[in-house]
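A closer look at the structure
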Amino acid sequence: MTRMTVKKIPALKDNFMYLVVCNETKNAAIVDPVEPSRVLEVAKESGVTLNKVLTTHHHWDHAGGNAELFKRYQEDASLGQLAIYGGNDDRIPNLTNPVGQDDTLQIGNLKVRCISTPCHTTSHICYYIESAEDKVVFTGDTLFLAGCGRFFEGTPQQMYDALITKLSALPDDTKVYCGHEYALNNLRFGNTVEPNNEDVLKLLNIAKDADLDGRRAMVPSTIGQEKRTNVFMRVHESSVQKFVGKSDPLGTMQALRAAKDKF
Ligand SMILES: [Zn+2]
């Protein structure tokens, strides 16, 4: 048995929640539990002790279930204690454990490292876990399959730091679990930006075929796949720069996001 299991739980219209289980201890954490009843149901079915919430950011479709889940734990002592992690931000409900860049925490024997990626929101956190067999990162609304989040509370420089300096530095075989299923639309945009990118075209065709069942088919991606197919991770490529008429990576990041906002 591998040390870590990640269970993908579709929520709302196109969100994902993720149950992360340490198989050695049966301790578990939930990423962005926007549907608390569903989370408790899956935890029970899986036979795990759920005692941590990992919040990626304050938006309601990610952190909006924190208060209700916390309340359920207070009402039912048999569930134990619930710790709620997230960036230091009073807009994250029931935050008990604020975290920042390179802070670590444990899910049973699994070690989680926090990666601070301000831009979509000022306190956005990605969570990276490396075990003997597997590497995974939960990227919320910073990095999507073939896309990135909107720059609501930040600058192109900050998204550059997040995607290029920090997330691109993770091992290529790191699995990427993002906050939403936007693969089809993102890949259509990628195909418009880089019509000659065969890897984008290949994925786009898979996404089209997977249309109805897309929430199961496309996620997780990998960091290596994103470097080959995500135009926001490719702002150093002349093909991407040419599309927006820029010659520098930062200007390209800014213009690309503006183009995607209108796509
Ligand atoms: Zn968001």
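Notes on the structure in this doc start here. A quick note: this is a predicted structure, and the numbers were derived from the prediction, not measured. (Residues numbered from 1 in each chain as written. Predicted model: local features only at pLDDT ≥ 70, side-chain atom pairs only at ≥ 80, totals over all residues. Heavy atoms only, no water.)

**Some details on the overall build of the protein chain**
Counting its regular elements, the protein chain contains 10 helices and 14 strands. Taken over the C-alpha trace, the protein chain has a radius of gyration of 18 Å; the compact-globule value for 263 residues is 18 Å, and the two agree within 12%. Expressed along its principal axes, the backbone C-alpha trace of the protein chain runs to roughly 60 × 35 × 35 Å. Scored against the burial criterion, the 263 residues of the protein chain give a buried share of 56%. (Helix = DSSP H or I, 4+ residues; strand = E, 2+ residues; numbered from the N terminus. Rg over C-alpha atoms; globule rule 2.2 N^0.38 Å. Buried < 20%, exposed > 50% of the residue type's maximum accessible area, 1.4 Å probe, protein only.)

**With respect to the packing of aromatic side chains**
Following the criterion strictly, the structure yields eight aromatic pairs and no others. A centroid spacing of 4.9 Å and a plane angle of 75° characterise the contact between Phe144 and Tyr182, whose relative ring orientation is edge-to-face. Note that Phe144 is positioned in strand β11 (residues 143-144) and Tyr182 in the loop between β13 (175-178) and α5 (183-193), a separation of 38 residues in sequence. The buried category is assigned to Phe144, whose relative accessible area is 4%. The structure contains a cluster of three or more aromatic residues connected by ring pairs, namely Phe16, Tyr18, Phe138 and Tyr177. (Phe/Tyr/Trp six-rings, centres within 6.5 Å; stacked < 30°, edge-to-face > 60°.)

**Observations regarding the nonpolar core**
Judged by nonpolar contacts, the single largest core of 28 residues is most densely connected at Val137, Met159, Leu163, Leu167, Phe232, Met253 and Leu256. Of all elements in the fold, only β9 (125-130), α4 (156-166), α5, α9 (238-244) and α10 (249-262) reach the threshold of two or more residues within this core. Once you skip the residues sitting within four places of it in the chain, Met253 turns out to touch Phe151, Pro156, Met159, Tyr160, Leu163, Phe232 and Val235. Membership of the second largest hydrophobic core comes to 26 residues, among which are Val20, Ala29, Ile107 and Val219. (Core = buried A, V, L, I, M, F, W, Y, C linked by side-chain atoms within 4.5 Å. Contact = heavy atoms within 4.5 Å.)

**Concerning the layout of surface pockets**
There is about 260 Å³ of room inside the largest pocket. Along its surface, the largest pocket is lined by 19 residues, and Phe144, Cys148, Arg150, Tyr182 and Arg257 are the ones closest to its centre. Sorting elements by how many residues they give to the lining of the largest pocket places α10 first, with three residues. By residue class, the composition of the lining of the largest pocket is six nonpolar, seven polar and six charged. Considered as a void within the structure, the second largest pocket measures approximately 170 Å³ in volume. (1 Å grid on protein atoms, 1.4 Å probe; cavity = no way out; pocket = protein on both sides within 12 Å on 5 of 7 lines; lining within 4 Å. Points joined across faces, edges and corners; volume = space filled by probe spheres on them. Nonpolar A, V, L, I, M, F, W, Y, C, P; charged D, E, K, R; others polar.)

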